[in-house]
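# What the coordinates show
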Number of protein chains: 2
Amino acid sequence: MTHHSDQRAYFFKIDTTIKKIRNALQKRLNEAGIDLTVDQWVLIDHISRDEGTSQNSLAEVTYKDPPTVTRIVDLLEKKGLVERRMAAGDRRKFNLFLTAKGESTYTKAFPIVAEIRRIGWGDLSEADYQQFVRLMDSIYNNFSDKE
Amino acid sequence: MTHHSDQRAYFFKIDTTIKKIRNALQKRLNEAGIDLTVDQWVLIDHISRDEGTSQNSLAEVTYKDPPTVTRIVDLLEKKGLVERRMAAGDRRKFNLFLTAKGESTYTKAFPIVAEIRRIGWGDLSEADYQQFVRLMDSIYNNFSDKE
DNA sequence: CACCAACTATTAGTTTACTAATAAAATTTG
DNA sequence: CAAATTTTATTAGTAAACTAATAGTTGGTG
């Protein structure tokens, strides 16, 4: 891209778009009376798909930091949605599980998240999705490559 | 887009990409010894382009909330980079200006931000940029339309 | 075996985002 | 003009991201 006056725009567009998505999802969760933040949903989603996972493993797959995961798991535990169990064979680790209440919350939240995904994607096509992935991966990798 | 197993991916890709960009920029600013966060940079960039702007106006153009702007301006004022002056004719408002130190910091940070933009965009083309804008605007507007 | 390095999770401190409530000032309306 | 509404900015509280430091545990190596 040559140096146009709008060269600032791509950071900004990504930033405002992700904020818009997060806010829309949070609003729907609130309206549905589901006591979950977006990031809390991200964690229970991953725990549900990989019961017994450790916190560091969760941090890795969600691209969150270990301290952030610690705090979100604290909140989820306090709400009674997630349970920490000592890992057999490694006393440093916890294995994470959804409680019955956690499962039920997950089940209630899932269709709302799916709906927001649908709304956001609108009538964009599969070809659009491939473009999207190509562009995002390209930007991402441009930073991974150099250092 | 039909319901593939990767349908979760687009939220996630946007989120991880913006994090990557922010972290890369923050790292370069730190390495250059510039005492600015990314969001602080966003504000002084806008103040520099529109000297005397108000906080609410800044909030609008940056898509930040008024309380967030209040706090970031507090920090910038504490660092001596920005000055609040009472607005003539409206005692609720402040007009915001960069101090000499603020100008100098802005001048030092600018090329670093430009470099990060260049690195992130890599060898993507002008046509890619148009695709990018189309996709992002589409997702964004899909949420704006239906409330 | 003892030491050293790596790993897992936590704590602490700073920054930003969002909501809700509030103070003060300006504008509109009856 | 007086009252109600709107606007501008702030404060307070909760949540999340990042860094740095630390405790406790594990595994490897001399």
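My aim in this report is to walk through the structure given alongside it, one point at a time. Since the model is a prediction, treat every value here as computed from it, not as a measurement. (Residues numbered from 1 in each chain as written. Chains lettered and ligands numbered in written order. Predicted model: local features only at pLDDT ≥ 70, side-chain atom pairs only at ≥ 80, totals over all residues. Heavy atoms only, no water.)

### With respect to the relation of the copies chain B and chain A
There are two copies of the chain, and a rotation about an axis plus a shift along that axis relates them. Short version of the rule: Here the copies are superposed with least squares, the fitted atoms being C-alpha atoms of residues at a pLDDT of at least 70 in both. Should any heavy atoms of two residues lie within 4.5 Å, those residues are counted as being in contact.
You can overlay chain B on chain A at an RMSD of 0.0 Å; the transform is a turn of 180° with a shift of 0.0 Å along its axis. Interpreted geometrically, this transformation is the action of a two-fold axis. Taking C-alpha positions as the reference, the residue of chain B nearest the rotation axis is I14 of chain B, at 3.3 Å. Comparing interface residues between copies, 100% of those in chain B also lie at the interface in chain A; the contact surface is shared.

### A few points about the pattern of salt bridges
Which entries qualify depends on this criterion: Salt-bridge detection follows one rule: a side-chain nitrogen of Lys or Arg within 4 Å of a carboxyl oxygen of Asp or Glu. Each helix is a run of DSSP H or I of at least 4 residues and each strand a run of E of at least 2, with the numbering of both proceeding from the N terminus. Note on classification: 1.4 Å probe, protein chains only; a residue is buried when its accessible area is under 20% of the maximum for its type, exposed when over 50%, partly exposed between these limits.
Applying the stated criterion across every chain, the model contains 26 salt bridges over all chains. Linking K19 of chain B and D15 of chain B is a salt bridge whose minimum nitrogen-to-oxygen distance equals 3.7 Å. Within this pair, K19 of chain B and its partner D15 of chain B are both found in helix α1 (residues 9-31), separated by 4 residues, close to a single helical turn. Looking at D15 of chain B, the relative accessible area reads 14%, which means it is buried. Between E83 of chain B and R85 of chain B there is a salt bridge whose closest N-O contact spans 3.4 Å. Exposure remark for E83 of chain B: the relative accessible area of 32% places this residue in the partly exposed category. Relative accessible area serves as the criterion here: at 38%, R85 of chain B is assigned to the partly exposed category. Linked by salt bridges that have partners in common, D15 and K19 of chain A together with R22, D39 and K64 of chain B make up one network.

### Concerning empty space enclosed by the protein
How we decide: Cavities and pockets are defined on a 1 Å grid built over the protein atoms alone: a cavity is a set of grid points where a 1.4 Å probe fits but cannot escape, while a pocket is an open set with protein on both sides within 12 Å along at least five of seven lines, and lining residues are those with an atom within 4 Å of any such point. Grid points are joined across faces, edges and corners, and a volume is the space filled by probe spheres set on the points. Side-chain classes are defined by residue name, with Ala, Val, Leu, Ile, Met, Phe, Trp, Tyr, Cys and Pro counting as nonpolar, Asp, Glu, Lys and Arg as charged, and the others, Gly among them, as polar.
Going through the model one piece at a time under the given rule, you end up with 1 cavity of 30 Å³ or more. Of the voids in this model, the largest cavity is the one considered here, and its volume is about 30 Å³. Taken together, F132, L135 and M136 of chain A together with F132, L135 and M136 of chain B make up the full set of residues lining the largest cavity. For the lining of the largest cavity, the secondary-structure elements that each account for two or more residues are α6 (126-145) of chain A together with α6 (126-145) of chain B. Across the lining of the largest cavity, the residue classes tally to 6 nonpolar, no polar and no charged.

### A short note on the protein's contact with DNA strand D
Put simply, the rule reads: One heavy atom within 4 Å of a molecule or strand is enough for the residue carrying it to be called near that molecule or strand. The definition of a polar contact used here is a pair of N or O atoms within 3.5 Å, where within protein one atom must be able to donate a hydrogen and the other to accept one, and adjacent residues in sequence count solely through side-chain atom pairs.
Around DNA strand D, 26 residues are found, and the nearest of them are T37 and T68 of chain A together with Q55, N56 and R92 of chain B. Atoms of DNA strand D within 4 Å of the protein: sugar and phosphate make up 73%, bases the balance. Note that a base oxygen of DNA strand D is positioned 2.6 Å from one of the side-chain N or O atoms of R92 of chain B. When contributions to the surface near DNA strand D are tallied by element, the ones reaching two or more residues are α2 (38-49) and α4 (66-78) of chain A together with α1, α3 (55-62) and α4 (66-78) of chain B.

### Focus on the packing of aromatic side chains
Defined as follows: Stacked, edge-to-face and tilted labels apply to pairs of Phe, Tyr and Trp rings (six-membered ring for Trp) whose centres lie within 6.5 Å, assigned for plane angles under 30 degrees, over 60, and everything in between, in that order.
Tallied over the entire structure, the rule returns 20 aromatic pairs over all chains. Considering the side-chain rings of F12 of chain A and Y63 of chain B, the 5.7 Å spacing of their centres and the 85° angle between planes classify their relative orientation as edge-to-face. Taken together, the residues span two chains, with F12 of chain A in helix α1 (residues 9-31) and Y63 of chain B in the loop between α3 and α4. The class for F12 of chain A is partly exposed, based on a relative accessible area of 31%. On the numbers, 6.4 Å between centres and 70° between planes, the contact of Y63 of chain B with Y140 of chain B is edge-to-face.

### Details of the interface of chain B and chain A
Test applied: Buried surface area refers to the total accessible area, computed with a probe of radius 1.4 Å, that the two partners give up upon joining, counted for both partners together.
Each partner contributes to the interface: chain B provides 59 residues, whereas chain A provides 59 residues. Summing the contributions of chain B and of chain A, the shared interface buries around 6000 Å²; its carbon and sulfur component is 64%. Joining chain B to chain A, the criterion identifies 6 salt bridges. Its salt-bridge partner being R22 of chain B, residue D15 of chain A comes within 3.7 Å of it at the nearest N-O pair. Linking chain B with chain A are 18 residue pairs in polar contact (both at pLDDT 80 or more), by the criterion used here. If you list the elements that add at least two residues to the side of chain B that touches chain A, you get α1, α2 (38-49), α3, α5 (100-121) and α6 of chain B. If one sorts the elements of the side of chain B that touches chain A by residue count, α1 of chain B sits on top with 19 residues.

### Some thoughts on the protein's contact with DNA strand C
Close to DNA strand C lie 27 residues; Q55, N56 and R71 of chain A together with T37 and T68 of chain B are nearest. The protein-proximal atoms of DNA strand C, defined as those within 4 Å of the protein, are 75% sugar or phosphate. In this structure, N23 of chain A approaches DNA strand C through a side-chain N or O atom, which is 3.2 Å from a phosphate oxygen. A distance of 3.4 Å is found between a base nitrogen of DNA strand C and a side-chain nitrogen or oxygen belonging to R92 of chain B. Secondary-structure elements contributing two or more residues to the surface near DNA strand C are α1, α3 (55-62) and α4 of chain A together with α2 and α4 of chain B.

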